[in-house]
Amino acid sequence: MAAAAATAASKGNGGGGGRAGAGEASSSRKKKGPGPLATAYLVIYNVVMTAGWLVIAVGLVRAYLAKGSYHSLYYSIEKPLKFFQTGALLEILHCAIGIVPSSVVLTSFQVMSRVFLIWAVTHSVKEVQSEDSVLLFVIAWTITEIIRYSFYTFSLLNHLPYLIKWARYTLFIVLYPMGVSGELLTIYAALPFVRQAGLYSISLPNKYNFSFDYYAFLILIMISYIPIFPQLYFHMIHQRRKILSHTEEHKKFE
Amino acid sequence: RLRGGVWNQEKGDKVEILDAKTREKLCFLDKVEPQATIAEIKNLFTKTHPQWYPARQSLRLDPKGKSLKDEDVLQKLPVGTTATLYFRDLGAQISWVTVFLTEYAGPLFIYLLFYFRVPFIYGHKYDFTSSRHTVVHLACICHSFHYIKRLLETLFVHRFSHGTMPLRNIFKNCTYYWGFAAWMAYYINHPLYTPPTYGAQQVKLALAIFVICQLGNFSIHMALRDLRPAGSKTRKIPYPTKNPFTWLFLLVSCPNYTYEVGSWIGFAIMTQCLPVALFSLVGFTQMTIWAKGKHRSYLKEFRDYPPLRMPIIPFLL
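Cut-offs used in this document
Residues numbered from 1 in each chain as written. Chains lettered and ligands numbered in written order. Predicted model: local features only at pLDDT ≥ 70, side-chain atom pairs only at ≥ 80, totals over all residues. Heavy atoms only, no water. UniProt positions renumbered as here; feature names shortened; annotations may be inferred. Helix = DSSP H or I, 4+ residues; strand = E, 2+ residues; numbered from the N terminus. Buried < 20%, exposed > 50% of the residue type's maximum accessible area, 1.4 Å probe, protein only. Pairing = 2+ DSSP bridges. Contact = heavy atoms within 4.5 Å. Buried area = accessible area lost by both parts, 1.4 Å probe. Salt bridge = Lys/Arg side-chain N within 4 Å of Asp/Glu carboxyl O. Polar contact = N/O pair within 3.5 Å; in protein donor to acceptor, adjacent residues only side chain to side chain. Nonpolar A, V, L, I, M, F, W, Y, C, P; charged D, E, K, R; others polar. Axes fitted to C-alpha atoms, helices over the stretch in contact; angles between N-to-C directions. Expected span 1.5 Å × (residues − 1). Phe/Tyr/Trp six-rings, centres within 6.5 Å; stacked < 30°, edge-to-face > 60°. Lys NZ or Arg CZ within 6 Å of the ring centre and 35° of its normal.

1. What about the UniProt feature "transmembrane region" (unreviewed entry) in chain A?
Residue and element names in this part refer to chain A.
Then, number 1: UniProt's entry tags residues 42-65, 86-109, 169-194 and 214-234 with the feature "transmembrane region" (unreviewed entry), counted in the numbering of this structure.
Then, number 2: Along residues 42-65, the helical share is 100% and the strand share 0%, with 34 Å between the first and last C-alpha atoms.
Then, number 3: As annotated, residues 86-109 has a helix share of 67% and a strand share of 0%, and its two end C-alpha atoms lie 13 Å apart.

Right under this line is the structure:
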């Protein structure tokens, strides 16, 4: 879900740093973008994020070559992964102050689901850090984000190579299910440890008359993928048809 | 589809209704009285398209413009000899009264299920047992009173400016009210419930807050009702009356919301239950949004609106 949401399409070219997906107004191709200062800031932001995820990509490759296996690569990129994924919280701010035309609610949902996976699952439950499922979603996210942030960078500079646009609207077909699988398997792997340690859970009696079962909560999260994943996925497919065929038509008339 | 008719050009205006999205001609009415209201035109339109009852019709002069009001008169609209109106389907509608009654009956009933510890909620050994804490019984009385009051107000006090709302709202609203009621009731009536830290003192204070705010809320509802004659949709600036509870109008536009938040804060203190506090917070957020909207429309509509007033919290918000 976090993977899918991130690969979701941006309508229009002033995407900036915001996540688009289903929330963006389909009718308005906003001609007025952010002002020059905001544009400069957003270009810097997107370049930095592209670089950050490239660092993670390179880190993964180097660790793989050094270790000779693809197991437990999480530890080699743990810090930049946490830093750059958490940094994406800024994108909520971008939407809130209006320099990016996406919906605050949708962007929040998308970023928070990523941050949740990084901190509340992978970081919090140390035993899952060596799982292969973590590598699955990290790779999916890394490729997606490198493309997405370079897409925004080029869009802001009004010079978007078709390859990037194509990649953004095509690779999700594989990356999205890959990411979702990695996420679900990781949450599933965390369950027994959460249950055992009573992680983030509070039971009765207590003076605030409240209880929370993190184990049950995680199961609910997993279930929520069932309605959400297909919606986002098919929205992306629909977007792909619209945007890539639109470009093809333009090319025909040149 | 042109609906044929004798084109009688001596009396009556002509009205054509087009679909706002497809521009398809849906209906042609001739011999419409110039003094006819939009409401009457909607009724005429329903005759040819019975699936679109008046409540779900939005008629406008411009496909992307604002909806015309039911009271608007044909003659006074900026149209030529043939008025072109654009139609948008608002979707299935449900009356506000129906929504309110359903929203409020749910929590009333659901809370009692937990209070009486109906089977399958708590362990079997607790079925139909009663809490030993006085505050739990008091909380049930307060919660039930609150929703009974709301039901009675819906039936006898409120005067609604809109008759209907979209059907999907009832699912959204009921999920919210019923869900939170169940969540709160579960903890308050739980066998392992912990009474308030400061005991009877805390409960008495909280009860006082709750009762005062409930009286306040009711006073405001009555004052608002008296502002508007039965069957009308007029809007006037509300002012304080002889009832001291209404003096809050001096400081806020929507004291009914202020009192409502106060009631729930009282209930939260009384039960010392975190879910109640969270419900109060969510309710406060929503009511603040509504209060700000109401405040803004008061300011727009009335030049002489009292400047001291804030939307919901005196001096602050």
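Once the structure has been displayed, the description carries forward.
2. So, unusual backbone geometry
The bulk of non-glycine residues show a negative phi, and the bulk of peptide bonds are trans.
Then, number 1: The linkage connecting A:Leu204 with the following residue, A:Pro205, adopts the cis geometry, with an omega of -10 degrees.
Then, number 2: Its place among the elements puts A:Pro205 in the loop between α8 (172-197) and α9 (214-252).
Then, number 3: At B:Gln272, a position not held by glycine, the phi torsion is positive, near 45 degrees.
Then, number 4: As for its position among the elements, B:Gln272 is in the loop between α6 (255-271) and α7 (274-301).

3. Concerning the pairing of strand β2 (residues 25-32) of chain B
Residues and elements named next belong to chain B.
Then, number 1: With six of eight residues buried, β2 lies mostly within the body of the structure.
Then, number 2: Pairing analysis gives five bridges linking strand β1 (residues 13-19) to β2, with the strands arranged antiparallel. Its bridge partner lying in β2, Ile17 is registered against Cys27.
Then, number 3: Linkage of β1 to β2, two consecutive antiparallel strands, is achieved through a turn of five residues, within which Arg23 is found at a positive phi near 60 degrees.

4. A word on the interface of chain B and chain A
Then, number 1: Each partner contributes to the interface: chain B provides twelve residues, whereas chain A provides eight residues.
Then, number 2: Summing the contributions of chain B and of chain A, the shared interface buries around 900 Å²; its carbon and sulfur component is 60%.
Then, number 3: Together, B:Tyr187, B:Leu192 and B:Gln272 form the three largest contributors to the area buried by chain B at its contact with chain A, with a combined 49%.
Then, number 4: Joining chain B to chain A, the criterion identifies zero salt bridges.
Then, number 5: Our enumeration of links across chain B and chain A arrives at six residue pairs in polar contact (both at pLDDT 80 or more).
Then, number 6: Elements that contribute at least two residues to the side of chain B that touches chain A include exactly α4 (168-188) and α7 of chain B.
Then, number 7: Across the side of chain B that touches chain A, the residue classes break down as seven nonpolar, five polar and no charged.

5. Observations regarding the sheet that holds strand β3 (residues 57-60) of chain B
All names here are of chain B.
Then, number 1: Reading across the sheet, the four strands line up as β2-β1-β4-β3 and stay open at both edges, with mixed pairing between neighbours. On the outer flanks of this sheet lie β2 and β3, each paired with one strand and no other. Averaged over neighbouring strand pairs, the angle between their axes works out to 25 degrees when direction is ignored.
Then, number 2: With six bridges joining them, β1 and strand β4 (residues 82-89) adopt parallel strand pairing. Considered in β4, the bridge of Lys14 is made with Thr82.

6. Some details on α6(B)
Residues and elements named next belong to chain B.
Then, number 1: Over its 17 residues, α6 runs 24 Å from end to end, which matches the ideal 24 Å to within 8%, given 1.5 Å per residue.
Then, number 2: Of all 17 residues that make up α6, 14 are buried, and the element is covered over most of its length.
Then, number 3: Just downstream of α6 lies Gln272, where phi reads positive at about 45 degrees.

7. A few points about the packing of aromatic side chains
Then, number 1: Overall, the coordinates contain 45 aromatic pairs over all chains when judged by the stated rule.
Then, number 2: Between the aromatic rings of B:Trp264 and B:Phe279, the centroid separation amounts to 4.8 Å while the plane-to-plane angle is 85 degrees, which identifies the pairing as edge-to-face. Taken together, the residues span a long stretch of sequence, with B:Trp264 in helix α6 and B:Phe279 in helix α7 at a distance of 15 residues.
Then, number 3: According to the relative accessible area criterion, B:Trp264 is buried, its value standing at 6%.
Then, number 4: The ring of A:Tyr215 has A:Arg195 sitting right over it, with the charged end atom 4.1 Å from the ring centre.

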